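Below are the chains, spelled out letter by letter.
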Amino acid sequence: MHKTIRILAAAALASACFPVAAQPSAEQLEKVRAILKEADTNSDGRVTRREYDAHRADIFAKLDRNGNGVASADDAPKIRIAKKKFTEKLEQVLAMADKNGDGLLSRAEWDQPERDIFALIDQDEDGIIILADLPVL
Ligand SMILES: [Ca+2]
Ligand SMILES: [Ca+2]
Ligand SMILES: [Ca+2]
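Not measured: the values here are computed from a predicted model. (Residues numbered from 1 in each chain as written. Chains lettered and ligands numbered in written order. Predicted model: local features only at pLDDT ≥ 70, side-chain atom pairs only at ≥ 80, totals over all residues.)

1. Some points on the overall build of the chain
And step 1. For the chain, the count of helices and strands is six helices and four strands.
And step 2. For the chain, buried positions account for 10% of its 137 residues.
And step 3. Of the contacts formed within the chain by residues at least 6 apart in sequence, a portion of 49% connects residues at least 24 apart. (Helix = DSSP H or I, 4+ residues; strand = E, 2+ residues; numbered from the N terminus. Buried ≥ 20, exposed ≤ 12 C-beta atoms within 10 Å, placed from the backbone. Contact = placed C-beta atoms within 7 Å.)

Structure follows, in structure tokens:
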């Protein structure tokens, strides 16, 4: 393939990752990149569906410190500074994932996100996201 055409094809592919109406901000994209990078537990530059799901399960387990299956304010640590950090993180996650708005995050809510970021990015549905292929803004 001609070089210019290849670059154009890559650009088209990158923009296809996100529908135009839901064009993510640079900040959102940076966040997604950070999440995916963390999820790449064997650091091979590819995030598999398995790695992604394991990473999400890990995040939930960290939030649900008392292990009752729900992430809530009850899970906050006793130390004040740690508590503040936890609450901030929890509020962020609740804003995204607390579908019924009860201030508690159940595992079901966490496991069925409104937007499955992995599926959104994995356009060819092969269950693998190659980090180097992520669009750059
Ligand atoms: Ca990997
Ligand atoms: Ca809990
Ligand atoms: Ca809830």
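Read on, since the account is not over.
2. Here we look at unusual backbone geometry
And step 1. The phi angle at S43 is positive, at roughly 50 degrees, despite the residue not being glycine.
And step 2. Mapped onto the elements, S43 comes out in the loop between α2 (26–39) and β1 (46–48).
And step 3. Residue classification places S43 among the exposed residues on the basis of 8 C-beta atoms within 10 Å.

3. Quick notes on the nonpolar core
And step 1. Counting seven residues, the largest nonpolar core is built from V32, L36, A39, V47, Y52, F118 and I129.
And step 2. When residues in this core are grouped by element, the largest group, three residues, is from α2.
And step 3. Counting residues in hydrophobic clusters, the runner-up holds five residues, among them F60, A71, L90 and L105. (Core = buried A, V, L, I, M, F, W, Y, C linked by C-beta atoms within 7 Å.)

4. Side note on the environment of E109
And step 1. By the secondary structure assignment, E109 is in helix α5 (residues 107–111).
And step 2. Taking the C-alpha atoms as reference points, E109 and M96, 13 residues apart in sequence, are found 10.0 Å from one another.
And step 3. If sequence neighbours within four positions are ignored, E109 has contacts with A97, D98 and K99.

5. What about helix α3 (residues 49–63)?
And step 1. For α3, with 15 residues, the first-to-last C-alpha span of 21 Å sits near the 21 Å given by 1.5 Å per residue.
And step 2. Turning to α3, its buried residues are E51, Y52 and F60.
And step 3. On its buried side, α3 packs onto α2, β1, β2 (70–71), α5 and α6 (117–121). (Expected span 1.5 Å × (residues − 1).)

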